[in-house]
Structure formats: C-alpha cells, structure tokens
Amino acid sequence: MSQSLKFYSFIFCLSLILSSIQTFAQKLSAYDLTIDMLDNPLNIDNAKPGFSWKINSNKKNTYQTRYDIRVSNTPSFKKIIWQQSNANQQSVFVRYNGEKLASKTKYFWQVRLKDNHGNTSAWSEIKYFQTGLKPEDWQAKWITVQGKDTSSIIPFLRKQFALKKDVKSATAYITAKGLYEANLNGARISSDYFTPGWTSYKNHIQYQAYPITTLKKGQNVIAVSLGDGWYKGRIGFSNQSKFYGDTRALLLQIDVEYTDGTKEIVISDDSWKSTNGPILASNIYDGETYDARKELNGWDNLGYKESDNWKQVRILENGPEKLVGMSGPAVNKHEEFKALKIFKTPLGETIIDFGQNMVGWVKVTANGNSGTKITLSHAEVLDKNGNFYTTNLRSAKQQNNYILKGKGTEIFEPHFSFQGFRFVKVDGYPGELKLENFTAIAVYSSMSPTGNFTTSNPLLNQLQHNIQWGQKGNFVDVPTDCPQRDERLGWTGDAQAFANTAAYNMDVSSFFTKWLKDVSADQLPNGSVPYVIPNVLNQSDAGSAGWADAATIIPWSMYQSYGDKNILETQYQSMQKWVDYMASQAKDNLWNTGSHFGDWLFYRPNDDNDGRAAVTDKYMIAQTFYANSVQLLINTSKVLGKTEEVKKYTALLNNVKKAYVQEYMTPSGKLVSNTQTAYVLALQFDMLPENLRQQAAKRLVDNVKSYGNHLTTGFLGTPYLCHVLSRFGYQDVSYNLLLQESYPSWLYPVKMGATTIWERWDGIKQDGSFQTADMNSFNHYAYGAIGDWMYKNIAGICSIEENPGYKVFEIAPKPGGKLTSATGELETVYGKIKSSWEIANGVFKLNVTVPVNATAIVTLPGKDKKEKIGSGSYSFESKYKY
Ligand code: BGC
C-alpha cells in the first residue's frame with residue numbers, strides 16, 4: 001500500500017469511528033418538527049398554533065419525560081418570545097401560549113427533550129413559521145380588466161416595478177377571485193396549482209404566502225394570469241356558472257425588506273395593465289383551448305414592450321369576504337405516467353393508454369405548422385367494443401385544444417383545468433404519434449403518504465392501490481365525489497364515509513381542517529348541513545342523513561387519527577348545531593322528516609321479481625345517524641370538559657335510541673327493513689338493547705349468506721359492514737365478503753381491470769356493458785372505505801378512542817381468507833408504526849415497530865393475552881393454522 005493510500009484509509013477509518021461516536025452520543029433527538037402539522041408554514045392565522053415533534057432514540061421503551069420549547073424572532077434565539085418546559089410526555093400539539101403573535105412576522109422555534117432513560121437531547125434543528133396578514137396589513141387593491149369581464153379569454157396582468165436597494169427578503173401574498181398563476185421575472189412563483197383553492201368564497205377566500213428570492217435591485221416584473229376556476233367557471237350539474245361572481249380579480253402584495261432593514265411594499269393597483277393572452281378558454285369541466293400563435297413572448301419578464309392592447313386595469317371594491325391564510329395543502333403535480341401504448345379503436349379513433357385512471361392532465365410535445373390544432377379528449381374507460389367512452393362524463397367536455405404557432409418544438413399543458421382519465425383520444429396531431437411525446441401528470445393536494453398495506457393476495461393489493469388512487473384523484477383541494485364528469489363537488493356523504501381510510505393512507509389533517517371550516521361557513525342558520533361543501537347547490541339542498549353528519553363524523557375521525565383537540569374546539573359549534581337541527585326536526589325523538597339519499601347505490605338487481613333489492617327505510621337510517629352524531633357530540637363534549645352538554649346529550653341519546661327501538665324493531669329484535677345496511681347501522685351505532693345485539697348480528701350473517709356471501713350495502717352501510725361482522729365474531733364472513741370476486745363485491749371491479757374505486761358495484765357489467773351513463777363514475781372513493789377495515793383487521797393497526805393520535809394503540813392482526821402474509825405501515829404523529837406478519841408451517845410470526853413516546857398493546861390471533869410494549873422493534877410468534 002502506498003503512503004498516500006495508507007493515509008487516506010487512516011482518515012477514512014477515523015471518520016467512521018468519529019461518526020459512530022457521534023451517532024452513539026445522539027441517544028435522543030427530536031425530528032419532523034411541525035406547526036399545526038405543517039412544515040415551516042408561511043401564513044399561520046391561528047393565535048395558538050400547535051407545535052409537534054417526533055423523537056428518535058436508540059433505546060427501546062423510550063418516553064419523553066420533559067420538553068423545553070422556545071420561540072424567538074431571530075434564529076439566534078437572543079430574544080425569547082415564549083418558552084415553556086413541562087415534565088410530561090406531550091410531544092404533539094403543544095399550544096403556543098405566549099404574548100400575542102405579531103402579523104407577517106417570522107418566528108423561529110426549537111425543542112429539547114429528556115427521556116425516561118436519563119438522556120437529554122441537544123436543541124433540535126431550528127424551524128420557523130410566519131404569521132399571516134391582519135386585515136389592515138393589506139394595502140393591495142383588487143384589480144380586474146377594464147370594462148365588464150365577459151370574455152372567456154384568460155386575462156394577463158402585469159406590472160414592471162423598480163426596487164431601490166438590495167433585497168434581503170421578500171414574501172408575496174396573493175389571492176384571486178377565480179384562479180391565478182403568478183410569475184416573477186419570467187419564472188413561476190410557486191409550483192402550486194388551482195390557487196387560491198376552493199372555499200366558501202362568499203365567506204372567506206384563502207391567500208397564499210410565498211417566499212421570493214429572485215427580486216433584485218432595479219427593475220422587476222410581476223405577471224399574473226387569471227382563470228375562471230370554481231369562482232366564475234361552470235360548477236354544479238345544472239350548467240351554472242358565475243356562482244360566486246362574474247369578475248375575475250387579483251389581489252397581490254409583495255412585502256420587501258432591504259438589506260439595510262428598510263421596507264417596501266409592491267401592490268396590485270391601477271398602475272397595472274392587462275391584456276388577452278393565448279388561453280382562449282379554460283374551465284374545470286370542459287378543459288382548455290390554447291392558441292400558441294397568440295402567445296405574448298416574454299410578457300412576464302423584463303425587456304417586454306407592452307403594445308396598445310395592454311390596458312390599464314380597473315379597481316374592484318373590497319367584498320364582504322374575509323381573507324384567510326391558506327390552511328390546507330397545496331395542489332401540486334405528482335406522479336408522471338409515460339404513454340403505454342397507442343392504438344386505433346374499431347371506430348378508428350386514435351387512443352393513448354396511460355394504464356392508470358388518474359386526475360391531472362397530459363403534457364404533449366409537438367412539431368408542426370402554425371395553426372395546426374391538436375385536440376386531446378379524455379376518458380376513463382373504453383366501451384365493450386373497445387371504443388372511446390365519454391357518455392358518463394355527461395356534459396363535461398374534458399378536452400384540451402392546442403393550436404400550434406409553428407416554431408420548432410412546442411410543449412403544452414393546461415393551466416386552469418384538470419381531467420379525470422386513463423385514456424386520451426388524439427386528433428389533429430401533426431406527424432407520427434410517438435409514445436415519448438405524451439406524458440400524463442397526476443395532480444392532487446400534497447398530502448404526505450402515511451400508510452401502506454400489502455398482503456400475499458395480489459387482488460387485495462390492487463384494491464389497496466385503487467383506494468389510494470381514488471383518494472389522490474378526489475382530494476384536489478376539496479374532497480370530491482368524482483373528478484371527471486360535470487360534478488366534482490364536495491359531497492359530504494362520500495367524504496365522511498371515506499375519512500378514516502383517507503387518514504390511514506395520507507396525512508389529511510390540514511386538508512380536512514381547511515374543508516371543515518367551509519362546513520361551518522356554509523352550514524345553514526338553522527344548523528342543517530348542505531349536501532355539498534362548498535355549497536354551490538340550492539340552500540335547501542341540505543340535511544340528508546349520513547351526508548350532513550360529515551359535520552360530526554369527520555372532526556371526530558381527525559381527532560382520533562391525529563390527537564389534536566383543536567379540531568374539536570373549532571368544529572364544536574358546527575357539530576352541536578347539526579345535532580340540534582336534527583332534534584328540532586324530530587317529533588318525540590323520532591327524526592322522520594326531510595329528504596334523504598338513504599343507502600345510496602345499494603344492491604338492486606335488474607330483475608327484482610323475488611324482492612331481492614336491498615332497500616333500507618330512509619328514516620330508519622336517519623335515526624341511526626342521528627344517534628351517532630349525538631354520541632360523537634357527547635364524546636367531544638367529554639374531551640372538551642363540557643359537563644352540562646354531556647348530561648344533556650346523554651339524555652337525548654337514550655331517547656333517540658328508545659324511539660328507534662319502538663319504531664323500527666320487533667320485540668324479538670327483527671328490524672323493519674330486513675337488509676344488511678339496517679342491521680349494520682343498528683349494530684355499529686349501538687341502537688339495540690344489548691341482549692338483542694348478537695341475534696341481530698346473526699340475522700346480518702344469514703342475510704349475507706342468503707346472497708351467496710355477497711354484500712348488498714350502499715354508501716352508508718358499506719363502511720361499517722365488515723367492522724360490525726368482525727366485532728360480533730364473524731371475522732370469517734368479513735373475509736368472505738372482502739375476497740368475493742363476483743358482483744357485488746370489492747374485488748369484482750378489480751377483476752374487471754379497475755385501477756380506481758368505482759361509484760357503483762357494477763359500473764361495468766360482466767358482459768362489458770355499462771351502468772346508466774348519467775351516474776357512472778370510475779373514480780369515486782366512497783366504497784374504498786373498506787381500507788379502514790383492512791388496516792385495522794389485516795394489518796391490525798388500530799387507534800384507541802381514549803388515546804387519540806396513536807399515543808397508545810393496538811396491534812391485533814386477525815388473519816383470514818387464507819392470507820399468508822401482510823404488512824401495514826402507518827406514519828403517525830409519533831412516528832412510524834409497522835405491523836408485519838406471516839404464517840408458515842403452522843406458525844404465526846409478527847414483527848411490530850412502535851415509535852418513541854408511544855405504546856402498543858399487542859394481541860396475537862386467537863389469543864386473549866394482551867402485551868404492552870414501548871418503542872422499538874419486536875417479534876412475536878404463536879402457533880396458528882387456518
Ligand atoms: C354523487 C354522490 C353523492 C350523491 C348524493 C351523486 O351525484 O356523485 O357521490 O353522494 O350524488 O346522493
């Protein structure tokens with residue numbers, strides 16, 4: 001070995017030793033520090049934001065025994081704004097409790113911990129949050145085009161401005177009536193889409209805050225285009241547009257701090273100019289038409305000369321709506337899909353298959369003559385003859401048109417529209433179609449993935465895949481029913497059915513926190529909750545059982561998943577108003593008025609001669625959801641220490657249940673509607689006297705068997721079906737249903753090639769024909785609610801009601817269905833939980849990982865013994881045979 005080689009290997013060994021000493025020394029540390037579950041957020045409006053952190057330790061059974069937290073307005077922590085120390089285990093949602101936070105101010109924070117093994121961590125990395133604007137901080141004016149805003153063309157607005165000095169930092173605060181895309185000095189300000197997001201605009205409009213690093217001393221250009229979006233574009237299925245207003249407008253303010261500490265503000269005002277750009281039309285349902293010949297080359301940068309077509313903008317009066325900082329995740333681009341194949345259909349259409357039903361758009365690259373028009377139409381499925389099928393989109397065109405300018409290679413993507421599709425029909429493409437010129441891009445709210453789930457059964461794995469893609473496609477700023485037809489609305493029933501599953505798959509905490517604010521905002525004065533949120537239907541379209549209950553079910557579900565009481569505090573009034581509304585409608589505690597969707601899309605055979613349609617009395621369903629909402633309000637009141645309310649609503653609950661039994665049950669426990677959903681809801685919500693529950697479960701099982709181990713449930717019964725069967729000892733029946741491959745079942749669509757969850761159990765029939773086109777979405781997440789059961793039963797990862805957020809949780813896998821292995825993972829607010837098992841040679845082997853500061857209670861299949869374990873990884877074994 002040469003001298004120098006010796007020297008380098010010595011250095012290498014030394015650095016290895018040093019780094020292992022360092023790792024060894026770092027016995028305890030905090031990581032993943034968040035504020036209200038957000039990473040370094042820039043527009044915190046909350047007066048008492050919640051600090052959370054996760055903990056790393058190299059020892060098993062580690063608990064935090066003390067934390068020190070400190071907040072400062074400088075990263076050096078010279079001046080402490082707030083500090084708190086507590087000798088307890090709280091590591092999530094520690095609420096800020098210092099002096100009032102100033103607006104548009106950056107605060108830095110960090111934590112230090114002690115654990116039960118006597119270790120003390122170093123101060124954590126420094127994180128920050130920035131507070132949002134107070135109303136009086138807004139100096140910007142709402143601006144729009146000259147004259148009436150009647151054109152479908154997307155207006156472009158721009159302003160060139162000079163900064164006098166070197167810039168230290170800058171933040172842009174932007175919002176719009178409609179949608180905006182903002183560029184600074186030739187580049188997009190952020191990678192977010194569909195900003196400012198969809199809210200109950202008449203009540204509040206979100207603004208975004210973006211750090212700006214490309215501002216320079218001297219000249220700069222800010223340039224913004226304004227889309228119709230949900231605000232002005234077509235929304236709702238009655239061909240309505242301009243629901244919130246007929247004028248697209250921009251509100252923008254850039255707060256600049258110079259290196260010498262002085263400040264400047266750049267605002268939207270009447271010094272801006274606007275003109276028409278190349279986007280001739282763009283709306284959510286119909287797609288976009290883009291004429292590249294009309295591009296304004298360089299309009300968003302310096303050096304552009306404004307022609308006479310640029311007109312001074314017009315100032316709009318402030319509306320009554322409040323401006324609020326964005327609280328949910330932004331919509332961004334995610335997975336990209338290469339075109340899988342290009343083919344011709346029997347009708348001669350040219351189709352590209354991307355292999356996955358998704359939501360987003362197709363990026364297309366082309367080279368051709370000026371004026372050539374490429375049309376991309378989007379569809380979820382092909383019909384039974386293999387032709388392109390769009391009838392189920394109803395009136396939504398889902399079509400993007402690109403007109404080439406004819407100068408070299410051109411690349412197109414839409415700006416203010418998204419499509420739900422797997423297949424794209426291409427018309428007018430110049431030259432040979434090549435796979436590499438088409439890329440599909442999935443676009444959805446950026447919720448970090450938290451859960452995953454695999455088993456030894458590939459069909460179940462595909463089902464899980466379909467559930468996750470149903471979630472991606474329908475969590476586009478608000479939880480929608482579907483992403484493709486002329487609907488795409490925040491249907492409350494669908495959202496409540498799927499919320500638990502959603503919280504396993506992804507971090508949906510801030511997504512639902514944002515949406516629940518709209519539930520409160522759009523709730524009617526009498527307490528009734530609209531069918532869709534934000535509500536773009538009639539005011540009277542409200543109060544359906546199982547839909548309106550999103551107001552109580554989702555806050556409770558979020559509290560269970562993340563353990564933040566704040567969501568209960570914020571939503572309490574809305575929850576209570578909904579319960580009081582039902583009470584006000586009920587006579588003698590029986591709620592049997594109003595219109596209800598009932599067990600939507602339940603099993604209904606074509607030929608119902610033998611009365612096999614699973615019709616469940618709608619008022620009977622309403623009474624069970626009424627009881628459930630009262631129960632959730634009682635639970636919430638307990639958590640919030642509202643003893644009077646606990647008393648009041650407990651009395652109400654007893655009466656609601658009594659009224660149910662009297663009206664809908666025979667003395668021997670038979671229900672008026674002899675359906676699966678009737679028994680499922682009665683059992684799930686504890687409607688029946690205890691001594692009659694087991695027999696009711698038996699009736700449910702008999703019913704399932706009478707359909708040859710098929711489910712017959714719709715939107716309301718399905719989420720609870722397997723839970724109820726498992727709870728009453730019929731795990732085998734749950735598995736039979738789960739693994740059923742023929743219609744109606746979860747795996748039937750999987751066998752038919754589905755890549756997302758269908759709206760109907762038989763969206764595509766066995767013979768390849770379709771269900772009725774006016775309601776047949778192939779991307780509807782509601783039936784994906786089985787995901788909750790799969791995580792809880794197959795992987796066995798369950799939260800415990802009294803210990804929300806998985807502070808203490810259960811690992812209790814219940815194998816069945818001849819599965820030989822399964823692995824479930826869940827990133828919780830404490831860190832990652834893992835439960836992984838296999839069965840081989842009559843032995844069940846389980847590996848469990850528990851995050852620091854949390855406790856798992858492990859139960860092996862078929863055993864009663866419960867074992868409590870702290871953080872770390874553990875293995876268990878027991879004899880097991882199918
Ligand atoms: C939606 C559903 C929704 C239902 C109400 C449909 O048009 O797509 O998912 O819950 O209406 O019954």
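Residues numbered from 1 in each chain as written. Predicted model: local features only at pLDDT ≥ 70, side-chain atom pairs only at ≥ 80, totals over all residues. Heavy atoms only, no water.

Enquirer: Before we move on, can you summarise the overall build of the protein with the specific residues and values?
Expert: Summing up its helical and strand segments, the protein has 15 helices and 43 strands in all. Relative to a compact globule of 882 residues, whose C-alpha radius of gyration would be 29 Å, the protein shows 29 Å and is just as compact. Structurally, the protein occupies a C-alpha span of about 85 × 70 × 70 Å along its principal axes. Looking at the 882 residues of the protein, the share that counts as buried comes to 61%. (Helix = DSSP H or I, 4+ residues; strand = E, 2+ residues; numbered from the N terminus. Rg over C-alpha atoms; globule rule 2.2 N^0.38 Å. Buried < 20%, exposed > 50% of the residue type's maximum accessible area, 1.4 Å probe, protein only.)

Enquirer: Could you give an account of the side chain of Thr859, with specific residues and numbers?
Expert: Its location among the elements puts Thr859 in strand E41 (residues 855–859). Once residues lying within four places of it in the same chain are set aside, the contact partners of Thr859 are Glu810, Ile811, Ala812, Pro813, Asp864, Lys865 and Lys866. (Contact = heavy atoms within 4.5 Å.)

Enquirer: Got a sec to walk through the site of the ligand? Specific residues and values, please.
Expert: Asp481, Arg485, Glu487, Trp491, Asp494, Trp547, Phe597, Trp600, Phe715, Glu759 and His780 make up every residue found near the ligand. Taking His780, its side chain carries an N or O atom lying 2.9 Å from an oxygen atom of the ligand. Coverage of the ligand by the protein chains reaches 96% of its 310 Å² of free accessible surface. Its residues assigned to classes, the shell around the ligand shows five nonpolar, one polar and five charged. (Near = heavy atom within 4 Å. Polar contact = N/O pair within 3.5 Å; in protein donor to acceptor, adjacent residues only side chain to side chain. Areas by Shrake-Rupley, 256 points an atom, 1.4 Å probe, with all protein chains shown as cover. Nonpolar A, V, L, I, M, F, W, Y, C, P; charged D, E, K, R; others polar.)

Enquirer: How would you explain the state of the cysteines if you had to name every residue and give the values?
Expert: Counting across every chain of the model gives zero disulfides. Looking at Cys798, it has no disulfide partner, and the nearest cysteine sulfur is the one in Cys722, 14 Å off. (Disulfide = S-S within 2.5 Å.)

Enquirer: Describe the sheet that holds strand E6 (residues 106–115), with residues and values.
Expert: The strands that make up a sheet are held in pairs by hydrogen bonds between backbone atoms, and each pair lies either parallel or antiparallel. Sheet architecture is open: four strands sit in the order E4-E3-E6-E7, paired in antiparallel fashion. Two strands bound the open sheet, and with one partner strand each, they are strand E4 (80–86) and strand E7 (127–130). Strand-to-strand twist across the sheet, computed as the mean angle between neighbouring axes with direction ignored, equals 20°. Two strands pair when backbone bridges link them, and strand E3 (residues 64–72) and E4 are joined in this way by six bridges, in the antiparallel orientation. Residue Ser72 lies in a different strand from E4, and its bridge partner there is Ile80. (Pairing = 2+ DSSP bridges. Axes fitted to C-alpha atoms, helices over the stretch in contact; angles between N-to-C directions.)

Enquirer: Describe the packing of helix H11 (residues 693–706) against helix H12 (residues 718–727), with residues and values.
Expert: The N-to-C vectors of H11 and H12 enclose an angle of 125°; their axes lie 10 Å apart at closest approach. Regarding the angle of H11 to H12, the classification is oblique. Considering the relative orientation of H11 and H12, their crossing is left-handed. Only Leu721, Val724, Leu725 and Arg727 of H12 make contact with H11, whose side of the interface consists of Arg693, Leu700 and Val701. Partitioned by chemical class, the residues of the contact of H11 with H12 number five nonpolar, no polar and two charged. (Parallel < 35°, antiparallel > 145°, perpendicular 65-115°, else oblique. Left-handed = near helix turned anticlockwise from the far one by under 90°.)

Enquirer: For the nonpolar core, give the residues involved together with the corresponding values.
Expert: By size, the foremost hydrophobic cluster in this structure holds 210 residues, and its most contacted members are Phe354, Leu463, Val508, Trp746 and Ile794. With 10 residues, the single largest contributor to this core is helix H8 (residues 618–639). In contact with Ile794, not counting residues within four places along its chain, are Phe453, Thr455, Leu460, Tyr735, Leu738, Trp789, Pro813, Lys814, Leu819, Ala822 and Trp837. Listed in part, the 26 residues of the second largest apolar core include Ala172, Leu215, Leu226 and Val266. (Core = buried A, V, L, I, M, F, W, Y, C linked by side-chain atoms within 4.5 Å.)

Enquirer: Can you lay out H11 for me, pointing to particular residues and giving the numbers?
Expert: The α-helix advances 3.6 residues per turn, and as a result positions three or four apart in sequence lie on the same side. If you check H11, its first and last C-alpha atoms are 20 Å apart, about what 14 residues at 1.5 Å a residue would give, namely 20 Å. Residues Arg693, Ala696, Ala697, Leu700, Val701, Asn703 and Val704 constitute the buried set of H11. Angularly, the buried residues of H11 cover 160° about the axis, an arc narrow enough to put them on a single face. Among the structural elements, helix H10 (676–684), H12 and helix H13 (731–739) are those in contact with the buried residues of H11. One or two residues past the end of H11 sits Gly708, with phi positive at roughly 65°. (Expected span 1.5 Å × (residues − 1). Arc of directions from axis to C-beta.)

Enquirer: Could you give an account of the domain arrangement of the protein, naming the residues involved and the relevant values?
Expert: By a frequent convention, interface size equals the accessible area lost on bringing the separate parts together. Examined at the domain level, the protein breaks down into domain 1 (3–130), domain 2 (135–285 + 297–325), domain 3 (331–445), domain 4 (451–795) and domain 5 (804–879). Relative placement of domain 2 and domain 4: their C-alpha centres are 40 Å apart. Each partner contributes residues to the interface: domain 2 has 17 residues there, and domain 4 has 17 residues. For the domain 2 and domain 4 pair, buried surface summed over both sides reaches about 1500 Å², with 62% attributable to carbon and sulfur atoms. Of all residues in domain 2, Trp198, Phe237 and Tyr285 give up the largest surface area on contact with domain 4, accounting jointly for 44% of the area buried on that side. (Domains from an automatic or database assignment. Buried area = accessible area lost by both parts, 1.4 Å probe.)

Enquirer: Kindly report on the pairing of strand E31 (residues 419–427), identifying the contributing residues and their values.
Expert: Taken across its nine residues, E31 has eight buried, putting it largely inside the fold. With six bridges connecting them, strand E25 (residues 350–367) and E31 associate as antiparallel partners. From the neighbouring strand, Val359 faces E31, where its bridge partner is Gly420.

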